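Architecture at a glance
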Amino acid sequence: MARKTLVAANHKMNGTLQSVKEICQNLNNAQLDPNVETVVAPPAIYLLAARETLKKEIAVAAQNVFDKPNGAFTGETSAHQLKDASVDWAILGHSERRTILGETDETVASKTKYATDNGISVIWCCGESLEQREAGKTLEVIAAQLAALKKEVSDWSKIVIAYEPIWAIGTGKVATKEQAQEVHASIRKWLKDNVSQQASDETRILYGGSVSEKNCKELAQEADIDGFLVGGASLKPAFVDIINCKK
Ligand code: 13P
């Protein structure tokens, strides 16, 4: 089964009600490649506005979701509330949440299990620091992150993996296509060896980290790169060119 390309916008903590609506309207009006699944993750406060503005073919993602049912969890959002608001996706395990908010591999795995068990598709992020890459530990770090996820999750059908090397995020220093492909291929092999041939064949693996309309075409040609998780460039009109990178 061919994997459908997926391109997701991670707005992070940026934007205003007006700018989010404008971004959504621009996407509605653009000619988007019908062979690409597009997902938009605005800040939590703008999720409803994004869902109301975007046409139904474009999905909306939260940037976080908690691993408990509704209840006394101040400041958190549940998977059930996302479903109620027609928000079908969540990004989990982004390196900014891991490093700044202190989320562990175990927390991220638990949230991913709870979300996927309750009908939310997850863009699960992994990636190494510059120090880890320079120490030759990239594949080991990613394998450990995946192993923590596997301890919790048995159904991988609602998981999309995003490989985001920390040194490439927001730095303008994109991974080369060889660097990205090497890690993506190793993730696919890990899925084959540790989960199943089906998970290896069907799980989409996105690249994230300084993706732009200029570098996306080259990256998209690599065999194991199935799309992108885009930060800064997703706030600009050029995001459309990234969605259309294979057109
Ligand atoms: P940039 O595209 O701004 O480097 O951000 C990448 C990212 O963190 C997406 O989740």
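This text goes with the structure placed above it.
Let me begin by describing the structure that accompanies this report. All figures in this text were calculated on a predicted structure; none of them were measured in a lab. Position numbers for residues start from 1 in each chain and track the written sequence from start to end. Side-chain atom pairs in this predicted model are given and counted only at pLDDT of 80 or more, local residue features only at pLDDT of at least 70, and totals for whole chains, interfaces and linings cover all residues. To obtain the side-chain values, all non-hydrogen atoms of the structure were used and water was disregarded.

Let's shift gears to the layout of surface pockets. Put simply, the grid is 1 Å and covers the protein atoms alone, a cavity is a trapped set of points that fit a 1.4 Å probe, a pocket is an open set with protein on both sides within 12 Å along at least five of seven lines, and lining residues have an atom within 4 Å of a point. Grid points are joined across faces, edges and corners, and a volume is the space filled by probe spheres set on the points. There is about 510 Å³ of room inside the largest pocket. The wall of the largest pocket is formed by 20 residues, among which Lys12, Met13, Gln63, Asn64 and Arg97 lie closest to the centre. Taken as a whole, the second largest pocket spans an internal volume of roughly 300 Å³. In this description a helix means any DSSP run of H or I spanning at least four residues, a strand means any run of E spanning at least two, and both kinds are numbered starting from the N terminus. Broken down by secondary-structure element, the contributors of at least two residues to the lining of the second largest pocket are β6 (159-163) and α9 (197-202). Per-element tally for the lining of the second largest pocket: the top contributor is α9, with three residues. Class assignment of the residues belonging to the lining of the second largest pocket gives a composition of eight nonpolar, six polar and six charged. Three categories are distinguished: nonpolar for Ala, Val, Leu, Ile, Met, Phe, Trp, Tyr, Cys and Pro, charged for Asp, Glu, Lys and Arg, and polar for the others, with Gly belonging to the last.

Throughout, near means a residue has at least one heavy atom within 4 Å of the molecule or strand. Around the ligand, the neighbouring residues are Asn10, Lys12, His94, Glu164, Ala168, Ile169, Gly170, Gly209, Ser210, Leu229, Gly231 and Gly232. What qualifies as a polar contact is a pair of N or O atoms within 3.5 Å, subject to a donor-acceptor requirement within protein and to the restriction that residues adjacent in sequence count only when both atoms come from side chains. Contact between the ligand and Asn10: an oxygen atom at 3.0 Å from a side-chain N or O atom of the residue. Here, Shrake-Rupley sampling with a 1.4 Å probe gives the accessible areas, and only protein chains in the shown set may cover a residue. In isolation the ligand offers 310 Å² of accessible surface; the protein chains occlude 95% of this area. The residue makeup of the shell around the ligand, split by class, is three nonpolar, seven polar and two charged.

Further remarks concern the sheet that holds strand β2 (residues 36-41). Pairs of strands are assigned from DSSP output, requiring at least two bridges between the strands. Taken in spatial order, the eight strands line up as β1-β2-β3-β4-β5-β6-β7-β8 and close into a barrel, and their pairing is parallel. Along the sheet, successive strands turn relative to each other by an average axial angle of 25°, direction set aside. Contacts were defined at the residue level, with two residues in contact if any of their heavy atoms lie within 4.5 Å. Lines fitted to C-alpha atoms define the axes here, with helix axes fitted over just the stretch in contact, and angles between the N-to-C directions of these axes take values from 0 to 180 degrees. In the packing of helix α5 (residues 105-117) onto the sheet, the strands contacted are β4 (89-92), β5 (121-126) and β6, and the crossing angle to β5 comes to about 165°. Packed on one face of the sheet, helix α7 (residues 138-152) meets β5 and β6 and runs near 145° to β5.

Any Lys or Arg side-chain nitrogen located within 4 Å of an Asp or Glu carboxyl oxygen qualifies as a salt bridge. The final tally for this structure, using the stated rule, is 16 salt bridges. Between Lys56 and Glu57 there is a salt bridge, and its shortest N-O distance comes to 3.2 Å. Here the term buried applies to any residue with accessible area under 20% of the maximum for its type, exposed to any over 50%, and partly exposed to those in between, with areas from a 1.4 Å probe on protein chains only. On the basis of relative accessibility, which here comes to 71%, the residue Lys56 falls in the exposed class. According to the relative accessible area criterion, Glu57 is exposed, its value standing at 52%. With its nearest N and O atoms 2.7 Å apart, the salt bridge here joins Arg133 to Glu128. A relative accessible area of 18% places Arg133 in the buried class.

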